[in-house]
Amino acid sequence: MNDYIIRATAANDQIRAFAAVTTEMVETAREHHNTSPVATAALGRLLTAGAMKGEKDVLTLQIKAGGPLQGITVTADSQGNVKGYVGNPDVCIPANSKGKLDVAGAVGPGFLTVIKDMWLKEPYSVQVMLQTCEIAEDLTYYFATSEQVPSAVGLGVLMNKNNTVRQAGGFIVQLMPFAEEEVISRLEQNVQKINSVTNLLEEGHTPESLLEKVLEGFDMQINEKMDTR
């Protein structure tokens, strides 16, 4: 399956949602940068997040942190094109307590900077402190504090035993300011049921069915489908 993004709305436009499968894109990045498994996972998560941007500007996501990965930079346009790199592609650290790639340990404490070039005199730039260093939760925090948009972000990269990328993808779901309490409550319940993006991808989920899972019980309208690379 080729990598692509969908953009959708639900609950009479009270919810805005994005989902993507990015396996080929993240594998391409791994090949170009010869990244270690944990570096691939970290870079892949941020590349996937960048791909799902919704605005017609150029977006840069930059993580500057104290971990051995030495930071990540990703830039994305509005046409699904994404590029990025990590400071130390060779980083190799033990698995975390759950036996999984320790992205948080590789990233380390620091800051996420979001830069939007909207073709004005100066780019719009906001910096927030990393909360978990797992990237998805840090983006959730950024949306809530800097854009005042309650959001749920799920990102995942699963590696094969030969260190190639097996699965990559994610979703972003956002509540509009006029969202009703019933909608908010139901969406929160749906999100809590999702424990792993990569598990869903392993089950064969597409971007459409990923969002159907997150938006279960809501009417969903797909507004756009776009290749990402």
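Each value, and the rule that gives it
- Residue numbering note: each chain is counted from 1, following its sequence as written.
- Residue-level local features of this predicted model are given only where pLDDT is at least 70; pairs of side-chain atoms are given and counted only at 80 or more, and the full residue set underlies all totals for whole chains, interfaces and linings.
- Based on all heavy atoms of the structure, the side-chain values leave hydrogens and waters out of the count.
- Secondary structure elements follow DSSP: runs of H or I no shorter than four residues count as helices, runs of E no shorter than two count as strands, and numbering proceeds from the N terminus.
- Put simply, two rings from Phe, Tyr or Trp (the six-membered ring, in Trp's case) pair if the centres are within 6.5 Å, and we call them stacked under 30 degrees between planes, edge-to-face over 60, tilted for the rest.
- Whether a residue is buried, partly exposed or exposed follows from its accessible area with a 1.4 Å probe, protein chains only, as a fraction of its type maximum: under 20%, in between, or over 50%, in that order.
- Should any heavy atoms of two residues lie within 4.5 Å, those residues are considered in contact.
- Definition used in this section: a nonpolar core is a set of buried Ala, Val, Leu, Ile, Met, Phe, Trp, Tyr and Cys residues joined via side-chain atoms within 4.5 Å.

Caption draft 1: Local environment of the environment of glutamate 224. As for its placement among the helices and strands, glutamate 224 is situated in strand β10 (residues 220-227). Separated by 219 residues in sequence, glutamate 224 and isoleucine 5 have C-alpha atoms that sit 8.1 Å apart.

Caption draft 2: Broad picture of the packing of aromatic side chains. Applying the stated criterion to the full structure yields one aromatic pair. Seen from their ring centres, tyrosine 142 and phenylalanine 143 are 5.4 Å apart, and the 55° between their planes marks the pair as tilted. Take tyrosine 142: its relative accessible area is 2%, and that puts it in the buried class. Residue phenylalanine 143 is classed as buried on the basis of its relative accessible area, which comes to 13%.

Caption draft 3: Focus on the side chain of arginine 30. Within the secondary structure layout, arginine 30 lies in helix α1 (residues 23-33). Leaving out residues up to four positions away in the same chain, arginine 30 has contacts with Thr35, Thr40, Met159, Asn163, Thr164 and Val165.

Caption draft 4: Quick peek at the nonpolar core. One finds Leu69, Ile72, Val107, Ile135 and Leu139 to be the most contacted residues of the largest nonpolar core, which totals 48 residues. Considering each element in turn, this core owes the most residues, nine residues, to helix α2 (residues 37-51). Aside from chain neighbours lying at most four places away, what touches valine 107 is Ala42, Ile63, Ala65, Gly66, Gly67, Leu69, Ile72, Leu130 and Cys133. Of all hydrophobic cores here, the second largest spans 26 residues; its members include Ile6, Ala152, Val197 and Val214.

Caption draft 5: The arrangement of unusual backbone geometry in detail. Its identity is not glycine, yet asparagine 12 carries a phi of approximately 55°, on the positive side. As for its position among the elements, asparagine 12 is in the loop between β1 (4-10) and β2 (15-21). Looking at asparagine 12, the relative accessible area reads 64%, which means it is exposed. A positive phi angle, close to 65°, is found at cysteine 133, a residue other than glycine.

Caption draft 6: How the structure looks around α1. Burial in α1 covers these residues: Thr23, Met25, Val26, Glu27, Ala29 and Arg30. Where α1 is buried, its residues contact β2, α2, β5 (82-86), β8 (151-159) and β9 (165-175). Where α1 ends, the next residue or the one after it, asparagine 34, has phi of about 50°, a positive value.

By themselves, these are just geometric observations and shouldn't be taken as functional.
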